[in-house]
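# Close look at the chain arrangement
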Amino acid sequence: MASPVNIIVGSHVWVEDPVLAWIDGQVTRLDGQDVHVKTTNGKKVVANVSKVFPKDTEASPGGVDDMTKLSYLHEPGVLQNLATRYELNEIYTYTGNILIAINPFQRLPHLYDTHMMEQYKGAALGELSPHVFAIADVAYRAMKNEGKSNSILVSGESGAGKTETTKMLMRYLAHLGGRSGVEGRTVEQQVLEDREKFKLENPKSFHYLNQSNCYELDGVSDAEEYLATRRAMDIVGISEEEQEAIFRVVAAILHLGNIEFAKGKEIDSSVIKDEKSRFHLNTTAELLECDAKNLEDAMIKRVMVTPEEVITRTLDPESALSSRDALAKTIYSRLFDWIVEKINISIGQDPNSKTIIGVLDIYGFESFKHNSFEQFCINFTNEKLQQHFNQHVFKTEQEEYEKEQINWSYIEFVDNQDVLDLIEKKPGGIIALLDEACMFPKSTHETFAQKLYQTFLKNKRFIKPKLSRTNFTISHYAGEVTYLADLFLDKNKDYVVAEHQDLLTASKCRFVAGLFPPLPEESSKSSKFSSIGSRFKLQLQSLMETLSSTEPHYIRCVKPNNVLKPAIFENLNIIQQLRCGGVLEAIRISCAWIPRLDVHLMSLFSDLVFLLLKYWMGTLMTRLPAR
Ligand SMILES: Nc1ncnc2c1ncn2[C@@H]1O[C@H](COP(=O)(O)OP(=O)(O)OP(=O)(O)O)[C@@H](O)[C@H]1O
């Protein structure tokens, strides 16, 4: 997005601002490459001409519903347009075929009622205001009318609104498919009774719910959400008994997370810390219908069977805590898989169906102060999706134009194949080296990091941070991220601890025992290594194959502020998300897509089949302490 040259004294322009990202002002002087600007907040700024952008003084006060209609397509223009619209509760804006959705952090019921759904039925894209329903409708028509598979990729950072957006998409598709809900419970009292039954207190009192902060959202009633969830479970055919068991398991996980350990009398041993922890242990056992003593032992002891004898080893408090968390994750991930499978069966997913609409709710690129294996996997996913996005949007469009010999300037985009090679190439990529390290008994995180440093010494996408012995930095498409290699080896090893498996298989609750069917004899006594990284890579590969056989639609969810409140639009925060989501890159060429896209999308016949693309990273994406 280069700055046009027609900036003169008196021009209204945008210049960079450390707080607001961009601020508007008027040019007072031109001095070679330097532009002197008096900003609207009274400051005098000097900026290089390449960083000064013209402001559209005749911009519509309500903004435009598609960025491609902006007079000036540049970052400040885009930001201003989104801000203007957000102020008017216009949370959706198109950027060519991408829908930007800014979380309103307040209920906007008029946007999602049946009347609104009816309006979007069969309307051409762009005819009505931007909306998730419009995207779902386009996908549905393409499937019905052309027999084409479609996918809708919903991305954004945590709290940006991916789940809500996905829910709206599913609701609209269910509406088109003529599915109706079965009305069930209405009694608020039930919420209180259930809380009592599962011994649940204030969310703030549960360790696992406080890994980030617990927020109360204006206008959102947790009791109502809970009943809505129960109703949704009725609709997808989860029986009363199963629902009860699901909530018991979830409650058990929360209680489990509150069990703490203290040093035991013997070296490297631990005991339940205090009465409070004992209460949570007993409640967990009660909810999971397993023996409390066996639960305690499964967390603090390990049994080793050798040909000569059976040795019992104790764990120190730190290892006991890791064991507790591993148990919680195992239960959660099995429950998660059970629910996904149940929904897929219930909504009639036919694995052999030729046409599908895949809805993918995926984590956005993450870069925190401390990044570990989870961020590595999330960012790897985003690199893959970015490549898919690039290939679909940029490469195909450019090739098309070249083929048709239409004269246009070739648009450069950053090809990220080199980052993907660094991560997933076999042999020699980071995942392959990690697996190697995991299989070699003497490896430590230090030897693993050293191996990375040696192997990727000259790789442009790999950086060894100065002074660090175990950190490494990857130069991702969205920016540099430094990972702490310390827990990579542990986190890459996937197995259910034999003691945990035995405990849960023996549960008197049919549901819980069903989540942990007994293992074949030979594998039950050993906790064999299987690589999460490699499995993840294969799942991603399969996801990409599915996606490549579909017509993709993109929805980028944006979190406007970190305090999760309505009407707060934090410019810098939003710009960062738009950059990471590739939105600004796409804007550069999206003008060119529009005429073709309409024709393409309007030539729109087959069965409605939902494919709720399984949350491929179920195990990794849990909000448990490792994150
Ligand atoms: N369209 C919307 N209308 C009203 N509220 C919304 C909307 N989108 C999001 N929210 C609010 O923001 C909260 C966070 O949204 P959501 O759970 O969908 O985020 P997410 O991106 O899925 O986060 P995570 O990745 O952490 O699961 C919701 O609980 C809801 O209160």
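The name given to the protein in an unreviewed UniProt entry is Myosin family protein with Dil domain, and the organism recorded there is Abeliophyllum distichum. Under the UniProt heading Sequence similarities (unreviewed entry), the note attached to the protein is "Belongs to the TRAFAC class myosin-kinesin ATPase superfamily. Myosin family."

Looking now at the sheet that holds strand E14 (residues 462-463). Reading across the sheet, the 3 strands line up as E14-E15-E16 and stay open at both edges, with antiparallel pairing between neighbours. On the outer flanks of this sheet lie E14 and strand E16 (479-484), each paired with one strand and no other. Bridging between strand E15 (residues 471-476) and E16 involves 6 bridges; their strand directions are antiparallel. Residue pairing in the sheet places threonine 473 in a bridge with threonine 482 of E16. Packing against the sheet, helix H12 (residues 417-424) makes contact with E14 and E15, and its axis sits at approximately 150° to E15.

This next bit is on the sheet that holds strand E1 (residues 12-17). Judged by pairing direction, the sheet is antiparallel, and its 5 strands sit side by side in the order E4-E3-E2-E1-E5 without closing on themselves. Where the open sheet ends on each side, the last strands, each with one partner, are strand E4 (44-48) and strand E5 (53-54). In this sheet, E4 lies alongside strand E3 (residues 34-39) in antiparallel orientation, the contact comprising 5 bridges. Residue pairing in the sheet places valine 37 in a bridge with valine 45 of E4.

What follows covers the packing of aromatic side chains. Applying the stated criterion across every chain yields a total of 22 aromatic pairs. Arranged with centres 5.8 Å apart and planes meeting at 85°, the rings of phenylalanine 376 and tyrosine 483 form a pair that is edge-to-face. Pair noted here: phenylalanine 376 is in helix H11 (residues 373-403) and tyrosine 483 is in strand E16, with a separation of 107 residues, a long-range link. Here phenylalanine 376 matches tyrosine 483 in class, with each residue buried.

Here helix H13 (residues 430-439) crosses helix H14 (residues 445-455) at 145°, and the two axes come no closer than 10 Å. For the pair H13 and H14, the sense of crossing is right-handed. Contact residues: H13 offers Ile430, Leu433, Leu434 and Ala437, while H14 offers Phe448, Lys451, Leu452 and Thr455. Split into classes, the residues belonging to the contact of H13 with H14 amount to 6 nonpolar, 1 polar and 1 charged.

In the vicinity of the ligand there are 17 residues, among which Ser158, Gly159, Lys162, Thr163 and Glu164 approach most closely. Separating an oxygen atom of the ligand from a side-chain N or O atom of threonine 163 is a distance of 2.4 Å. Note that an oxygen atom of the ligand is positioned 2.8 Å from one of the backbone N or O atoms of glutamate 164. Out of a free accessible area of 630 Å², the ligand has 83% covered by protein chains. Residues belonging to the shell around the ligand are distributed by class as follows: 6 nonpolar, 6 polar and 5 charged.

What counts and what doesn't
The residue numbers shown here count from 1 along each chain, following its written sequence. At least 70 in pLDDT is required for a residue's local features to be given in this predicted model, at least 80 for side-chain atom pairs to be given and counted, and no such filter applies to totals for whole chains, interfaces and linings, which use all residues. For side-chain calculations, the full set of non-hydrogen atoms in the structure is used, while hydrogens and water are omitted. UniProt positions are given in the numbering used here, feature names are shortened, and annotations may be inferred rather than shown by experiment. Pairs of strands are assigned from DSSP output, requiring at least two bridges between the strands. Strands are runs of DSSP state E lasting at least two residues, helices are runs of H or I lasting at least four, and both sets are numbered from the N terminus onward. Contacts between residues were defined by any pair of non-hydrogen atoms, one from each residue, lying within 4.5 Å. Where helices are involved, their axes are fitted lines through C-alpha atoms of the stretch in contact, as for all axes, and angles between N-to-C directions lie from 0 to 180°. Each aromatic pair joins two rings of Phe, Tyr and Trp (for Trp, the six-membered one) with centres within 6.5 Å, and gets the label stacked for planes under 30 degrees apart, edge-to-face for over 60, and tilted for any other angle. Throughout this description, buried means an accessible area under 20% of the type-specific maximum (1.4 Å probe, protein chains only), exposed means over 50%, and partly exposed covers the range between. Two helices cross in a left-handed way if the nearer one is turned anticlockwise from the farther one by less than a right angle. They cross in a right-handed way if the turn is clockwise. Polarity classes work like this: nonpolar for Ala, Val, Leu, Ile, Met, Phe, Trp, Tyr, Cys and Pro, charged for Asp, Glu, Lys and Arg, and polar for all others, with Gly in that last group. Near, as used in this document, describes a residue that has one of its heavy atoms within 4 Å of the molecule or strand being considered. Two N or O atoms count as a polar contact when they lie within 3.5 Å, although within protein this holds only if one can serve as hydrogen donor and the other as acceptor, and sequence-adjacent residues are included solely when both atoms are side-chain atoms. For accessible areas, the Shrake-Rupley method is used with a probe of radius 1.4 Å. Any residue's cover is judged against the shown protein chains and nothing else.

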